[in-house]
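Structural overview for review
Next come the chains, spelled out residue by residue.
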Amino acid sequence: MSTITRADVNSKIKSLAANLSFNDKAPKLVEKALSRNEVELSADGAVVATTGQHTGRSANDKFIVDDKLTHDTVWWDNAKAMTPEKFDVLLADMLASAEGKDLFVQQLYAGADVSQQLNVEVFTENAWHALFIRNLLIRPALNALSDFDANVTIVHMPSFKADPARHGTRSETVIALDFSRNMVVIGGTFYAGEIKKSVFSLFNFDAPQNGVLPMHCSANIGE
């Protein structure tokens, strides 16, 4: 199987999905999530989602592609390896599972420092997951979306179940990251935090190589 690029992912999803909703704002996403019975509203009007089996991260089901870029730079004692070939099979199967589905796309910035910023494009099958990541990352100005150029692609299909024998996973749940292609696939878990943590993982890999210390914190006052 030839290597699947981010451009291939975009083309495949656009050809298979029944509909793609780009950059819906919060009120529209809440409306859609409710109409699709993905969520409920609390007595105070907050969106409440049930994530099923996984109510937190599935650290034992997270994989990093072992290739020339990562082989000597990732701390493998604390990470599970996946071959590029298995990742491609997993990605192809996950893309195929998008056929006929309505998908939600969010184009967002990760990181406030423009010199370190990632342009992240998230494809997900649930409106509430799109709402989640829209709240967690930085929303571009409307005039910046017309020529948004993603350098990170996340395919989030929680209803997809991995096949350990076919995909080299531990279970039906999988979070797999390819740092060379800046691509992430997530399946078998509805826990939304996996999307956010995958972005953190990309930052934590890139930042030290750029002379930057990554920290699990944030600042929202001042420059």
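Residues numbered from 1 in each chain as written. Predicted model: local features only at pLDDT ≥ 70, side-chain atom pairs only at ≥ 80, totals over all residues. Heavy atoms only, no water.

The next point concerns the overall build of the protein chain. Within the protein chain one finds seven helices and ten strands. Relative to the 2.2 N^0.38 estimate, which gives 17 Å for 223 residues, the radius of gyration of the protein chain is 17 Å and therefore close to what a compact globule would have. Dimensions of the protein chain, computed from C-alpha atoms along their principal axes, come out at roughly 50 × 45 × 35 Å. The burial tally for the protein chain puts 47% of its 223 residues in the buried class. Long-range pairs, those at least 24 residues apart, make up 71% of the contacts in the protein chain with a sequence separation of at least 6. Counting only carbon and sulfur atoms, one obtains 50% of the accessible surface of the protein chain, whose full area is about 11,700 Å². Separation between the mean location of the 21 positive side-chain charges and that of the 27 negative ones in the protein chain comes to 2 Å. (Helix = DSSP H or I, 4+ residues; strand = E, 2+ residues; numbered from the N terminus. Rg over C-alpha atoms; globule rule 2.2 N^0.38 Å. Buried < 20%, exposed > 50% of the residue type's maximum accessible area, 1.4 Å probe, protein only. Contact = heavy atoms within 4.5 Å. Areas by Shrake-Rupley, 256 points an atom, 1.4 Å probe, with all protein chains shown as cover. Lys, Arg positive; Asp, Glu negative; His and termini not counted. Charge placed at Lys NZ, Arg CZ, Asp CG, Glu CD.)

For the pair helix H1 (residues 6-16) and helix H3 (residues 84-96), the least separation of the axes is 9 Å and the interaxial angle reads 25 degrees. As far as their axial angle goes, H3 and H1 are roughly parallel. Side by side, H1 and H3 meet where Val-9, Lys-12, Ile-13 and Leu-16 of the first sit next to Leu-91, Leu-95 and Ala-96 of the second. Grouping the constituent residues of the contact of H1 with H3 by class yields six nonpolar, no polar and one charged. (Axes fitted to C-alpha atoms, helices over the stretch in contact; angles between N-to-C directions. Parallel < 35°, antiparallel > 145°, perpendicular 65-115°, else oblique. Nonpolar A, V, L, I, M, F, W, Y, C, P; charged D, E, K, R; others polar.)

For the rest of this paragraph, the subject is the environment of Thr-169. Inspection of the secondary structure assignment puts Thr-169 in the loop between helix H6 (164-167) and strand S9 (174-178). Spatially, the C-alpha atoms of Thr-169 and Lys-86 are 9.1 Å apart, while their sequence positions differ by 83 residues. For Thr-169, the side chain forms a polar contact with the main-chain oxygen of Ser-171, separated by 2.8 Å. (Polar contact = N/O pair within 3.5 Å; in protein donor to acceptor, adjacent residues only side chain to side chain.)

Right, let's talk about the packing of helix H4 (residues 127-136) against helix H7 (residues 193-209) for a bit. It is the contact of H4 with H7, at a shortest axis distance of 9 Å, that shows an interaxial angle of 40 degrees. As summarised for this structure, H4 and H7 are arranged oblique, according to the angle between their axes. In this structure, H4 meets H7 at a crossing whose hand is right-handed. Across from His-129, Phe-132, Ile-133 and Leu-136 in H4, the residues of H7 making contact are Gly-193, Ile-195 and Lys-196. Residue classes in the contact of H4 with H7 are distributed as four nonpolar, two polar and one charged. (Left-handed = near helix turned anticlockwise from the far one by under 90°.)

The space that makes up the largest pocket amounts to roughly 1,600 Å³. Surrounding the largest pocket, 47 residues form its lining, Phe-200, Phe-203, Asn-204, Pro-214 and Met-215 being those nearest its centre. At the level of elements, strand S4 (62-65), strand S6 (102-110) and H7 are the ones that each hand at least two residues to the lining of the largest pocket. A per-element tally of the lining of the largest pocket places H7 first, with ten residues. Partitioning the lining of the largest pocket into residue classes produces 26 nonpolar, 13 polar and eight charged. Computed from the structure, the second largest pocket encloses a volume of approximately 160 Å³. Lining the second largest pocket are 14 residues, and of these Gln-53, His-54, Thr-173, Gly-188 and Thr-189 lie nearest its centre. In terms of residue class, the lining of the second largest pocket is built from two nonpolar, eight polar and four charged. (1 Å grid on protein atoms, 1.4 Å probe; cavity = no way out; pocket = protein on both sides within 12 Å on 5 of 7 lines; lining within 4 Å. Points joined across faces, edges and corners; volume = space filled by probe spheres on them.)

Attention now moves to the sheet that holds strand S7 (residues 118-124). Here eight strands make up an open sheet; going across it, the order is S1-S6-S7-S8-S10-S9-S4-S5 and the pairing mixed. Each of the sheet's edge strands pairs with one partner strand only, and the pair in question is strand S1 (19-22) and strand S5 (80-82). With direction set aside, neighbouring strand axes in the sheet form an average angle of 20 degrees. Where S6 and S7 come together, seven bridges link them in antiparallel fashion. Bridging across to S7, Ala-110 finds its partner in Leu-118. Lying on the sheet, H1 is in contact with S1, S6, S7, strand S8 (152-157) and strand S10 (183-187); it crosses S8 at an angle near 40 degrees. Of the strands in this sheet, S4, S5, S8, S9 and S10 touch H3, which is tilted by about 60 degrees from S10. (Pairing = 2+ DSSP bridges.)

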